[in-house]
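One letter stands for each residue in the lines below.
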Amino acid sequence: MWNKQLARLATQYPTGVLSVADVEGFPASVRLVARLDIKRRVVTFPALPPYAQGWRGKACLLFHRHNSRLEGLHQMVLKGELVEEGGAVALRVTDFVTANGRTNTDEMPHASHPIHMLQFFLLGRRKAREYERKRGQPWPPIDYAEVERLLRED
Amino acid sequence: MPALQLPDEVAAVLRAYYTCEVTTVNGKGQPMTWPALAYYDEATGEIFFSVSIAFPVKAQNARKRPQASLLYSDPTGSGLDHAPAVLVQGDATVAEILKSTPHATALNKLAQQRQPDSRRFLASNLSRRLFSWYLFKRIGITVRPRRLTVWPNRDFSQEPTMIEVAESEAANVE
């Protein structure tokens, strides 16, 4: 489903990473300039790299960024289908996905935003419990003494 | 597993780029790409990263369909300004990290070096307890490269160079 807020945020990225599965079934990716056509709800590519010329079908487009301390993390993925439209290749978007579980921002939670951290904590804990339920047995106890030892070692 | 014989500038990218873009494909053929911090084990040629059990999609996809790729295309923080972009395609194996392993330990150290603030988070007893599902309950994904595709100067408008990785022998640059 198209998401106006995330689409607007996506326009701020100079490039994105476009991925498909190649003929052998391996995923393949390129980084390229992507333009969101808000009116038509598609993404166009002013210069599709030679490596990606033949790509069609299911695809995704990742936008992400971080600073030199791996902070200020932002990320979102647009899922969709690469199609030919008017002689050019476009991504027809079917869904916007964020890693933070929110639909209005691509900013990853950070300790400096306690509300975001709380939301992320609740989401993560719920999903981790789902995983453990499916797993059939709880995760083994964490060896915190080992964690302390590794922290001291560094 | 034998080490990969890679051109220096390619090995430097696998070592130094802070993040790469990992792609797995689900059962319906839909690729999904997320950034990841990955550890390149030069001795074995393997690339290792992990995901929290709360967000296991990459691992679940790779379990069903082991073909995976990692694109190294963003040099932010690495100090490598004119380095190439590298696409690694390979076979993934997936395993829960139930005790410390050399790969998991190396990845943790790398994360703390590259993201110094994460060390403070890890050092807090409260954070450790509240976010154990994120920090410690993790699934490891190890990728054995089969093919590397290299774009000098990260110029995707050019035809790339391919490096095929033959099993149990050195890489061949075409």
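Residues numbered from 1 in each chain as written. Chains lettered and ligands numbered in written order. Predicted model: local features only at pLDDT ≥ 70, side-chain atom pairs only at ≥ 80, totals over all residues.

Novice: Would you mind going over the overall build of chain B with me for this structure?
Specialist: Scanning chain B from N- to C-terminus turns up 6 helices and 9 strands. Taken against the 2.2 N^0.38 rule, which gives 16 Å for 174 residues, the C-alpha radius of gyration of chain B at 16 Å falls within 12% of a compact globule. Overall, chain B is about 50 × 35 × 30 Å in size when its C-alpha atoms are taken along their principal axes. Expressed as a percentage of its 174 residues, the buried residues of chain B come to 44%. Considering only intrachain contacts with a sequence separation of at least 6, the fraction spanning at least 24 residues in chain B is 70%. (Helix = DSSP H or I, 4+ residues; strand = E, 2+ residues; numbered from the N terminus. Rg over C-alpha atoms; globule rule 2.2 N^0.38 Å. Buried ≥ 20, exposed ≤ 12 C-beta atoms within 10 Å, placed from the backbone. Contact = placed C-beta atoms within 7 Å.)

Novice: Sorry if this is basic, but what is going on with the pairing of strand β7 (residues 88-98) of chain A here?
Specialist: Regular strands place their side chains on alternate faces of the sheet. Residue and element names in this part refer to chain A. Taken together, the 3 bridges between strand β4 (residues 42-44) and β7 define a ladder with antiparallel strand orientation. Each bridged residue has a counterpart across the sheet, and for V43 the counterpart in β7 is L91. Note that strand β6 (residues 74-85) and β7 share 10 bridges and pair antiparallel. Bridge pairing links G80 to V93 in β7. (Pairing = 2+ DSSP bridges.)

Novice: I keep staring at unusual backbone geometry and nothing clicks. Help me out?
Specialist: All names here are of chain A. With a phi angle near 55°, L70 is a residue other than glycine that sits in the positive phi range. By secondary structure assignment, the location of L70 is in the loop between β5 (57-65) and β6. The exposure class of L70 is partly exposed, given the 19 C-beta atoms found within 10 Å.

Novice: In this structure, what is going on with the environment of L110 of chain B? I would like to understand it.
Specialist: Residue and element names in this part refer to chain B. Among the secondary structure elements, L110 is positioned in helix α3 (residues 102-114). Sequence separation between L110 and Y18 is 92 residues; the distance between their C-alpha atoms is 9.0 Å. Here L110 is in contact with L37 and Y39, once residues within four sequence places are set aside.

Novice: Sorry if this is basic, but what is going on with the sheet that holds strand β1 (residues 16-21) of chain A here?
Specialist: As a general point, the strands of a sheet are linked pairwise by backbone hydrogen bonds and lie either parallel or antiparallel. All names here are of chain A. If you walk across this open sheet you meet the 7 strands as β2-β1-β5-β6-β7-β4-β3, and the pairing is antiparallel. Looking along the sheet, the strands with just one partner apiece sit at the ends: β2 (27-32) and β3 (35-37). Neighbouring strand axes in the sheet, compared pairwise and without regard to direction, differ in orientation by 35° on average. Here 3 bridges tie β1 to β5, and the two strands are oriented antiparallel to one another. If you follow S19 over to β5, its bridge partner there is C60. (Axes fitted to C-alpha atoms, helices over the stretch in contact; angles between N-to-C directions.)

Novice: What's the story with helix α2 (residues 114-135) of chain A in this structure? I'm lost.
Specialist: Residue pairs spaced three or four apart in an α-helix point in one direction, given the helix's 3.6 residues per turn. With 22 residues, α2 of chain A should reach 32 Å at 1.5 Å per residue; the first-to-last C-alpha distance of 31 Å fits that figure. Along α2 of chain A, the residues that are buried comprise F120, G124, A128 and Y131 of chain A. Buried residues in α2 of chain A, looked at end-on, bunch into an arc of 60°, giving them a common side. Exposed residues pointing more than 90 degrees away from the buried face of α2 of chain A are listed as I115, L118, L122, R126 and R133 of chain A. Lining the buried residues of α2 of chain A we find β4 (46-52) and α6 (132-135) of chain B. Trailing α2 of chain A by a residue or two, G136 of chain A shows a phi angle of about 95°, which is positive. (Expected span 1.5 Å × (residues − 1). Arc of directions from axis to C-beta.)

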